[in-house]
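The chain contents come next:
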Amino acid sequence: MKVLLLKDPKEDDCGQDPYIRELGLYGFEATLIPVLSFEFLSLPSFSEKLSHPEGYGGLIFTSPRAVEAVELCLEKDNKTEVWKHSLKEKWNTKTVYVVGNATASLVNKIGLDAEGANCGNAEKLAEYICSRESPALPLLFPCGTVKGEILPQMLKDRGIPMESITVYQKVPHPGIQVNLNSYYAKQGVPASITFFSPSGLAYSLKHIQELSGDNIDRIKFAAIGPSTARALAAQGLPVSCTAESPTPQGLATGLRLALEAPRC
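Reading guide: rules and limits
Residues numbered from 1 in each chain as written. Predicted model: local features only at pLDDT ≥ 70, side-chain atom pairs only at ≥ 80, totals over all residues. Heavy atoms only, no water. Core = buried A, V, L, I, M, F, W, Y, C linked by side-chain atoms within 4.5 Å. Buried < 20%, exposed > 50% of the residue type's maximum accessible area, 1.4 Å probe, protein only. Helix = DSSP H or I, 4+ residues; strand = E, 2+ residues; numbered from the N terminus. Contact = heavy atoms within 4.5 Å. Expected span 1.5 Å × (residues − 1). Polar contact = N/O pair within 3.5 Å; in protein donor to acceptor, adjacent residues only side chain to side chain.

(A) Local environment of the nonpolar core. Phe-46, Phe-61, Val-70, Trp-83, Trp-91 and Leu-112 are the most contacted members of the largest nonpolar core, which has 25 residues in total. For this core, the secondary structure elements donating two or more residues are helix H2 (43-50), strand E4 (58-61), helix H3 (64-76), helix H4 (80-92), strand E5 (95-98), helix H5 (101-109) and strand E7 (162-172). Here this core takes 6 residues from H3, the largest share from any one element. Apart from the residues lying within four places of it in its own chain, the contact partners of Phe-46 are Ala-66, Ala-69, Val-70, Cys-73, Leu-140, Pro-142, Ile-165 and Val-167.

(B) How the structure looks around unusual backbone geometry. For Ser-42, which is not a glycine, the phi torsion comes out positive at approximately 55°. Inspection of the secondary structure assignment puts Ser-42 in the loop between strand E3 (36-40) and H2. Backbone geometry places Asn-78, a non-glycine residue, at a positive phi of 50°. Within the secondary structure layout, Asn-78 lies in the loop between H3 and H4. Here Asn-78 falls in the exposed class, since its relative accessible area comes to 67%.

(C) Region of interest: helix H11 (residues 248-260). Relative to the 18 Å expected for 13 residues at 1.5 Å per residue, H11 spans 18 Å between its end C-alpha atoms, a close match to the ideal helical length. Taken together, the buried positions of H11 are Pro-248, Gly-250, Leu-251, Ala-252, Gly-254, Leu-255, Ala-258 and Leu-259. Packing partners of the buried residues in H11 comprise strand E1 (2-6), helix H1 (18-25), strand E8 (192-195), strand E9 (220-223) and strand E10 (239-242).

(D) Just the side chain of Asn-121, in detail. Mapping Asn-121 onto the fold places it in the loop between H5 and helix H6 (122-130). Residue classification places Asn-121 among the buried positions, given a relative accessible area of 17%. Of note is the side chain of Asn-121, whose polar atom sits 2.9 Å from the backbone nitrogen of Lys-124. Contacts of Asn-121, omitting those with residues within four sequence positions, involve Val-99 and Pro-226.

Everything listed here is a matter of coordinates, which is why it stays silent on function.
The structure is reproduced here in structure tokens:
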């Protein structure tokens, strides 16, 4: 059964995208098409903040891109050695909060210990942070231009200080239309399409509607998390599956249930 995932391919240690491998175990033939590209912003300002861990109570990472911004800061400012020998250890005396295993893995790769990886979304992470002792210093939150307001608002309501800095913005991937046209020409209409972000939905939906035509009602639409599910519903599309966790296993389980369900 053919399923389409609108995300970047990411190879793991086995040389294969973990979503393709996991869905394959369930009998799905998955194809990945990237719909987002990223531009990094405010890196000099972010780099300066990273150089002064004494001014913060910890870090919050809700996306892999925010961690990539740290890596870029270190490379561009030749701070890799300083990070390895002093800055990393200073940040590790603080708490580093993350959403999801993918982000946690990247945080670990730059030498930081991560907490909250099992929180599948920003709202659950906010609940986790609120359950901890409130820091006296603000938590530094590198984020994108389109960040959800749930986490900042929940922390504000609990009186937990936080300082956000916008370090990246999402832009449409230049190959969306060509790649979708090619997929539909070769594979036909997929049984399911999974969206991985509200932005990815916004950039790709028009093309999918045009290519699917009257067959769009045959497609089971899936979301990797609640914010994407809300965006799908706002477009008037039925959400057949929201992954219980933003992981290959969470999505595979949800898709199996959704695609096994009898059609009306």
